[in-house]
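Residue strings, one per chain:
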Amino acid sequence: MASQAISFKSFVIVVVVALFFAAAAFAQELSPAPAPGPDAGAAGSVSSSVAIIGASVVLSMLAILKH
């Protein structure tokens, strides 16, 4: 009998929390936020990440071929 009371309390708590999150979601404004402007100098980070990925691929291929 005590187990049913505990599970009912747990169910009520889950429902209350779900209703709270649903109310918070509906309270937010429905229009999307504006996109941020591009950062100055952001193109340099793309080329450096491509260089790191390329070096990683080359080193992996060398390790595979050496094995």
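As the structure is a computational prediction, the values presented were derived from the model and not from experiment. For every chain, the first residue of the written sequence is number 1, and numbering continues from 1 onward in sequence order. Totals for whole chains, interfaces and linings use every residue, but because this is a predicted model, local features are given only for residues with pLDDT of at least 70 and side-chain atom pairs only at 80 or more, for both listing and counting. For the side-chain quantities, the full set of heavy atoms in the structure was used; hydrogens and water were omitted.

1. Some thoughts on the overall build of the protein chain
Move 1: A helix here means a DSSP run of H or I that spans at least four residues, while a strand means a run of E at least two residues long, and both kinds are numbered starting from the N terminus. In terms of regular secondary structure, the protein chain is built from two helices and zero strands.
Move 2: Only protein chains enter the accessibility calculation, which uses a 1.4 Å probe; a residue is then buried when its area is under 20% of its type maximum, exposed when over 50%, and partly exposed in between. The 67 residues of the protein chain split such that 0% are buried.
Move 3: Summed over its atoms, the accessible surface of the protein chain is roughly 6300 Å², and 76% of this surface lies on carbon and sulfur atoms. Note on areas: these come from Shrake-Rupley sampling with a 1.4 Å probe, and a residue is covered only by the protein chains present in the view.

2. Details of a nonpolar patch on the surface
Move 1: A cluster of nonpolar side chains, F8, F11, V12, V15, V16 and L19, forms an exposed patch at the surface whose accessible area comes to about 580 Å².
Move 2: The residue V12 is located in helix α1 (residues 2–27) in this model.
Move 3: Residue classification places V12 among the partly exposed residues on the basis of a relative accessible area of 34%. For patch building, the residue pool is restricted to those with more than 30% relative accessible area and no salt bridge; the joining distance is 9 Å between like charges and 5 Å between nonpolar side chains (Val, Leu, Ile, Met, Phe, Trp, Tyr). Salt bridges are identified by distance alone: a Lys or Arg side-chain nitrogen within 4 Å of an Asp or Glu carboxyl oxygen.

3. Description of the packing of aromatic side chains
The way to describe two aromatic rings as a pair is by their centre distance and the angle between their planes.
Move 1: Each Phe, Tyr or Trp ring (for Trp, its six-membered ring) is paired with any other whose centre lies within 6.5 Å, and the angle between the two planes then decides the class: stacked below 30 degrees, edge-to-face above 60, tilted in between. Across all of its chains, the model carries one aromatic pair by this definition.
Move 2: Note on F20 and F21: the rings are 5.8 Å apart at their centroids and 65° apart in plane angle, and the pair reads as edge-to-face.
Move 3: On the accessibility criterion, F20 (57% relative accessible area) is exposed.

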